[in-house]
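Here is how the chains run, residue by residue.
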Amino acid sequence: DLKIQQLPGHGVVVVGLTEINVTSKEDTLKLINTGLSQRTVGATAMNSESSRSHCIFTFKTSIAGADGLTRQSHTHLVDLAGSERAGRTQALGDRLKEGAAINKSLTTLSVVIRSLAENAEGSAKRA
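Residues numbered from 1 in each chain as written. Predicted model: local features only at pLDDT ≥ 70, side-chain atom pairs only at ≥ 80, totals over all residues. Heavy atoms only, no water.

This paragraph deals with the overall build of the chain. Helix and strand counts for the chain come out as three helices and six strands. Tracing the chain from N to C terminus, the helices and strands come up as β-β-α-β-β-β-β-α-α. Expected size for 127 residues packed as a compact globule is a radius of gyration near 14 Å; at 19 Å, the chain overshoots this value by more than 25%. Judged by the C-alpha coordinates and their principal axes, the chain covers about 60 × 45 × 25 Å. Relative to its full complement of 127 residues, the chain shows a buried share of 13%. For the chain, contacts bridging at least 24 residues in sequence account for 37% of all contacts bridging at least 6. Of the roughly 10,300 Å² of accessible surface on the chain, a fraction of 55% belongs to carbon and sulfur atoms. Here the chain carries 15 positive and 12 negative side-chain charges, and the mean point of each set is 5 Å from the other. (Helix = DSSP H or I, 4+ residues; strand = E, 2+ residues; numbered from the N terminus. Rg over C-alpha atoms; globule rule 2.2 N^0.38 Å. Buried < 20%, exposed > 50% of the residue type's maximum accessible area, 1.4 Å probe, protein only. Contact = heavy atoms within 4.5 Å. Areas by Shrake-Rupley, 256 points an atom, 1.4 Å probe, with all protein chains shown as cover. Lys, Arg positive; Asp, Glu negative; His and termini not counted. Charge placed at Lys NZ, Arg CZ, Asp CG, Glu CD.)

Written as structure tokens, this is what we have:
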């Protein structure tokens, strides 16, 4: 289980994740490949390499301008394990439990996104 916290000055963080600085395209690709090699995949009747885990890469880019100001951006690449119907995958045992956990996490993500969207709409109406 991941422990997620909101820290003042840092925003939302996942405890125990690693942040690694890279300065070249080669280092970046090596790090991406390391992350991809840690993904969990498994066969189902629908997909021989079904993603059984979620994978998130966050790229934080900082650029120092000629004016002395530093500009930062965060880009998130997200690969979510797919939602599956148990009957169609013919999954049993652990694979069936994985599918149920994946579906539950995707439902939770949907609720969070919906809530954020509603809050954003409410803020826009008040502005």
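What follows picks up the thread again.
Side chains of Ile56, Val78, Leu80, Leu109 and Ile113 sit close together on the surface and give an oily, nonpolar patch of about 420 Å² of accessible area. Its place among the elements puts Leu80 in the loop between strand S6 (70-79) and helix H2 (86-89). The exposure class of Leu80 is partly exposed, given its relative accessible area of 34%. (Patch = residues over 30% accessible without salt bridge, like charges linked within 9 Å, V, L, I, M, F, W, Y side chains within 5 Å. Salt bridge = Lys/Arg side-chain N within 4 Å of Asp/Glu carboxyl O.)

Looking at the largest pocket, its volume works out to about 2,400 Å³. What lines the largest pocket is a set of 44 residues, among which Val14, Leu17, Ile56, Phe57 and Thr58 lie closest to the centre. Those elements that provide at least two residues to the lining of the largest pocket are strand S2 (11-15), helix H1 (25-37), strand S5 (55-64), S6 and helix H3 (93-126). When the residues that make up the lining of the largest pocket are grouped by side-chain class, the tally is 21 nonpolar, 18 polar and five charged. (1 Å grid on protein atoms, 1.4 Å probe; cavity = no way out; pocket = protein on both sides within 12 Å on 5 of 7 lines; lining within 4 Å. Points joined across faces, edges and corners; volume = space filled by probe spheres on them. Nonpolar A, V, L, I, M, F, W, Y, C, P; charged D, E, K, R; others polar.)

It is possible for side chains of opposite charge to pair when their charged atoms get near one another. What the rule picks out here adds up to two salt bridges. Notably, a salt bridge pairs Arg71 with Asp67, separated by 3.0 Å at the nearest N-O pair.

With that out of the way, let us pick up the pairing of strand S1 (residues 3-7). With zero of its five residues buried, S1 lies for the most part at the surface. Relative to S2, S1 is paired through five bridges, and the arrangement is antiparallel. Looking at S2, one finds that Gln6 is bridged to Val12. (Pairing = 2+ DSSP bridges.)

Let's shift gears to the confidence of the model for the chain. Any segment with low pLDDT has predicted coordinates that should not be analysed in fine detail. When pLDDT is averaged along the chain, the result is 81; 92% of the residues meet or exceed 70. Taken element by element, the chain is modelled with least confidence in H2, mean pLDDT 70, and with most confidence in H1, mean pLDDT 90. (pLDDT = per-residue confidence, 0-100.)

With that out of the way, let us pick up the environment of Ala81. With respect to the secondary-structure elements, Ala81 resides in the loop between S6 and H2. In this structure Ala81 comes out as buried when scored by relative accessible area, which is 2%. In sequence terms Ala81 and Leu106 are 25 residues apart; their C-alpha atoms lie 8.4 Å from each other. Contacts of Ala81, omitting those with residues within four sequence positions, involve Ser51, Arg52, Ser53, His54, Ile102 and Leu106.

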